[in-house]
Amino acid sequence: MTNTPLPPPSGAVAAAARRVLVVIPTYNERENLERLVRQVLGFAGYRILVVDDASPDGTGELADVLAREFLGRIDVIHRGGRRGFGRSYVEGMQRALASDADLICQMDADLSHDPKYLPDLVAATDRYDLVIGSRYLRGISVVNWPLRRLILSTFANWYVRTITGLRLRDCTANFRCWRREALARIPLDRIASDGYAFVVETAFEAARRGCRIGEVPIVFIERREGTSKISSGVLIESVIMPWRLILRRLK
Ligand SMILES: Nc1nc2c(ncn2[C@@H]2O[C@H](COP(=O)(O)OP(=O)(O)OP(=O)(O)O)[C@@H](O)[C@H]2O)c(=O)[nH]1
Ligand SMILES: [Mg+2]
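Residues numbered from 1 in each chain as written. Chains lettered and ligands numbered in written order. Predicted model: local features only at pLDDT ≥ 70, side-chain atom pairs only at ≥ 80, totals over all residues. Heavy atoms only, no water.

Engineer: Help me understand the site of ligand 1 in this model?
Structural biologist: Inspection of the region around ligand 1 gives 20 residues, with Glu29, Asp53, Arg83, Asp110 and Ser228 positioned closest. At 2.9 Å, a side-chain N or O of Arg149 approaches an oxygen atom of ligand 1. Within the contact set of ligand 1, an oxygen atom lies 2.9 Å away from a side-chain nitrogen or oxygen of Glu222. Compared with its free state, where it exposes 630 Å², ligand 1 has 96% of that area covered by protein. Residues that form the shell around ligand 1 fall into these classes: seven nonpolar, four polar and nine charged. (Near = heavy atom within 4 Å. Polar contact = N/O pair within 3.5 Å; in protein donor to acceptor, adjacent residues only side chain to side chain. Areas by Shrake-Rupley, 256 points an atom, 1.4 Å probe, with all protein chains shown as cover. Nonpolar A, V, L, I, M, F, W, Y, C, P; charged D, E, K, R; others polar.)

Put into structure tokens, the structure is as follows:
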């Protein structure tokens, strides 16, 4: 395993000049995708990779229509078989690493992650190998969450931090930007998570491999359109995953 620190980013190439690819997994996000895409592509030089899991609501077809409109700036992976957030990201990240992107971002499609923060994440890759858009850096920056959701997320973060030793305020956020060299160190073909535990597992692997991880503050807004896909299976996986990670480190 390589865990030597990565060389610092080349100061000669300003973050703004680097090629940014934003990987977005979708499952039934028809009401949100178009707005999101237009906002992300408002930033010059940014590109998008949509990873759709055969959404019954036609999100995949909408992504194809948008890809034709923004020729060369949107790529779409249409997955078949068993759907999953983690497995979609594994495929998306592999495709991203096969592209010429210098920086690879990840975010939700439901507009909870406001694209306006993307340049902050991108800029911070001058200092970090992995940058996380954090909900818990300045108190709690979450809009429209019921109390039980807030308690669940706060507990989940405490749980993950305590077991894995990850020194992050927001270990479970899917709003991130990787330097290509850092993402390339993660053994994507060996990632075990199907669901949202993917974000914890990849942060853990990044820390273990000597990546410098930093956080920038964001305000998270609960989705207004569409429905959450969190299932009990995915929650159980998230409870077990930190322990699996500890066992992995012991081995
Ligand atoms: N490709 C793919 N994307 C998924 C899958 N499940 C969720 N997603 C996407 O992953 C992102 C996060 O999913 P959400 O359902 O919003 O999960 P969440 O943000 O934790 O939950 P809410 O706060 O309730 O919205 C969204 O862009 C979803 O469309 C899946 O099985 N396959
Ligand atoms: Mg969401």
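Engineer: Before we go on, may I ask you to explain helix α7 (residues 197–208) in this structure?
Structural biologist: Owing to its 3.6 residues per turn, the α-helix aligns residues three or four sequence positions apart on the same side. An ideal rise of 1.5 Å per residue puts 16 Å on 12 residues; α7 measures up with 17 Å between its terminal C-alpha atoms. Counting buried positions along α7 gives 10 out of 12 residues, so the element sits mostly inside the fold. Two residues or fewer past α7, Gly210 is found with a positive phi of approximately 80°. (Helix = DSSP H or I, 4+ residues; strand = E, 2+ residues; numbered from the N terminus. Expected span 1.5 Å × (residues − 1). Buried < 20%, exposed > 50% of the residue type's maximum accessible area, 1.4 Å probe, protein only.)

Engineer: Please clarify how the environment of Leu245 should be interpreted in this entry.
Structural biologist: Positionally, Leu245 belongs in helix α8 (residues 232–250). Judged by relative accessible area, which is 0%, Leu245 ranks as buried. It is 29 Å that separates the C-alpha atoms of Leu245 and Asp110, two residues lying 135 residues apart in sequence. Setting aside chain neighbours within four positions, we find Leu245 in contact with Thr164, Val200, Glu201 and Phe204. (Contact = heavy atoms within 4.5 Å.)

Engineer: Got a minute to help me understand the side chain of Glu222 in this structure?
Structural biologist: Within the secondary structure, Glu222 is located in the loop between β9 (220–221) and α8. A polar atom in the side chain of Glu222 sits 3.2 Å from the side chain of Trp145. Aside from chain neighbours lying at most four places away, what touches Glu222 is Ser112, Val143, Asn144, Trp145 and Arg149.

Engineer: Is there a simple way to explain the pairing of strand β8 (residues 213–217) in this structure?
Structural biologist: Among the five residues of β8, four are classified as buried, and the element is accordingly described as predominantly covered. Across five bridges, strand β5 (residues 130–134) lies against β8 in parallel orientation. Paired with Gly133 across the strands is Val216, a residue of β8. (Pairing = 2+ DSSP bridges.)

Engineer: Any chance you could explain the packing of helix α5 (residues 147–164) against α8 here in plain terms?
Structural biologist: Taken N-terminus to C-terminus, the directions of α5 and α8 make an angle of 15°; their axes are 9 Å apart at the nearest point. When the interaxial angle is binned, α5 and α8 end up roughly parallel. For α5 against α8, the interelement crossing comes out right-handed. Contacts between α5 and α8 involve Tyr159, Val160, Ile163 and Thr164 on the former and, on the latter, Ser238, Val239, Pro242, Trp243, Leu245, Ile246 and Arg249. A per-class count over the contact of α5 with α8 returns eight nonpolar, two polar and one charged. (Axes fitted to C-alpha atoms, helices over the stretch in contact; angles between N-to-C directions. Parallel < 35°, antiparallel > 145°, perpendicular 65-115°, else oblique. Left-handed = near helix turned anticlockwise from the far one by under 90°.)

Engineer: What am I meant to see in the sheet that holds β5 here?
Structural biologist: Strands in a sheet are paired, the pairing made by backbone hydrogen bonds, and the direction either parallel or antiparallel. Spatial strand order, β3-β2-β1-β4-β7-β5-β8: seven strands in an open sheet with mixed pairing. Each of the sheet's edge strands pairs with one partner strand only, and the pair in question is β3 (74–78) and β8. When the angles between neighbouring strand axes are averaged without regard to direction, this sheet yields 20°. Against the sheet, helix α1 (residues 30–40) touches β1 (20–26), β2 (46–52) and β3, its axis set at about 155° to β2. Packed onto the sheet, helix α3 (residues 85–98) meets β1, β2, β3, β4 (103–106) and β7 (176–179) and runs at close to 155° relative to β1.

Engineer: Looking at this model, I keep getting lost on unusual backbone geometry. Mind explaining?
Structural biologist: For residues that are not glycine, phi is negative in most cases, and the peptide bond is trans in most cases. In this structure, Asn28 is a non-glycine residue whose phi angle is positive, near 55°. Secondary-structure assignment places Asn28 in the loop between β1 and α1. On the accessibility criterion, Asn28 (23% relative accessible area) is partly exposed. Positive phi outside glycine occurs at Ala54, with the angle close to 50°. Here Ala54 shows up in the loop between β2 and α2 (59–69).

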